[in-house]
Amino acid sequence: MSEKRLKRKAFFNKIKTKRRLIILNEETFEEKFSFKLNIINVFIVATLGAIFLISITSYIIAFTPLREYIPGYASTQLKKDALNLGLKSDSLEFALKKNDAYIQSVKKVLTGDLEYAKVNKDSIMASEYVDPSEYNFEASPEELELRKKVEAESKKVKK
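Residues numbered from 1 in each chain as written. Predicted model: local features only at pLDDT ≥ 70, side-chain atom pairs only at ≥ 80, totals over all residues. Heavy atoms only, no water.

A. Seen up close, the side chain of N38. Position of N38 relative to the elements: it lies in the loop between β2 (31–37) and α2 (39–63). We classify N38 as buried; its relative accessible area is 11%. Dropping the residues within four chain positions of it, N38 is found in contact with I15, K16, T17 and K18. (Helix = DSSP H or I, 4+ residues; strand = E, 2+ residues; numbered from the N terminus. Buried < 20%, exposed > 50% of the residue type's maximum accessible area, 1.4 Å probe, protein only. Contact = heavy atoms within 4.5 Å.)

B. Representation of the pattern of salt bridges in the model. Here the structure, examined in full by the defined rule, presents five salt bridges. With a shortest N-O distance of 4.0 Å, K97 and E93 are connected by a salt bridge. Placement of the pair is K97 and E93 together in helix α3 (residues 76–111), with a separation of four residues, close to one helical turn. We classify K97 as exposed; its relative accessible area is 53%. With a shortest N-O distance of 2.7 Å, E143 and R147 are connected by a salt bridge. Here the residue E143 and the residue R147 both occupy positions in helix α5 (residues 141–158), the gap between them amounting to four residues, near one helical turn. (Salt bridge = Lys/Arg side-chain N within 4 Å of Asp/Glu carboxyl O.)

C. Main features of the packing of aromatic side chains. Applying the stated criterion across every chain yields a total of three aromatic pairs. Geometrically, the ring pair formed by Y59 and F63 is tilted, given 5.1 Å between the ring centres and 45° between the ring planes. One end of the pair, Y59, and the other, F63, are both in helix α2, four residues apart, so they sit about a helical turn from each other. Accessibility assignment for this pair places Y59 and F63 in one class, exposed. (Phe/Tyr/Trp six-rings, centres within 6.5 Å; stacked < 30°, edge-to-face > 60°.)

D. Structural context of the side chain of S105. Here S105 shows up in helix α3. Looking at S105, the relative accessible area reads 12%, which means it is buried. Within the structure, S105 has its side chain in polar contact with the backbone oxygen of A101 (distance 2.6 Å). (Polar contact = N/O pair within 3.5 Å; in protein donor to acceptor, adjacent residues only side chain to side chain.)

E. Just the pairing of β2, in detail. When strand β1 (residues 19–24) meets β2, the two strands line up antiparallel, connected through six bridges. Considered in β2, the bridge of I22 is made with S34. Linking two consecutive strands that pair antiparallel, namely β1 and β2, is a turn of six residues; a positive phi of about 55° is found at F29 within it. (Pairing = 2+ DSSP bridges.)

Honestly, it's all geometry; don't read function into it.
Written as structure tokens, this is what we have:
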């Protein structure tokens, strides 16, 4: 046989060889318990134990408040506060823009650039309103043709 094959066979025999692990009482040399093991069994048990420990640790970090102590994770309360502050800042910015527009209109009236009848807070707010009737929502001929093609293809697929 070739040398590589002999080495491989010796390696597998060494792995499969049964060994005994004995736990003894040191004073009386009484055998408490023993195991018959081979290297493959020890490797499998160690691998399963490592996988178990990693999965338990990952679960604890992912689904408990412990994750807040890891750099890069923010607390849920902090995220909620940031969202609320963002919404408040947006509404304040909108109110500020409305007030600025109102002040600019009052300045125009005071300088005489604009008539008083046109300056009204309601008219300023209405100027930002977009009337949907201004837009054409009817389908174009190209879109109707595309809809027919898609409908025909979906009927072919269903058959």
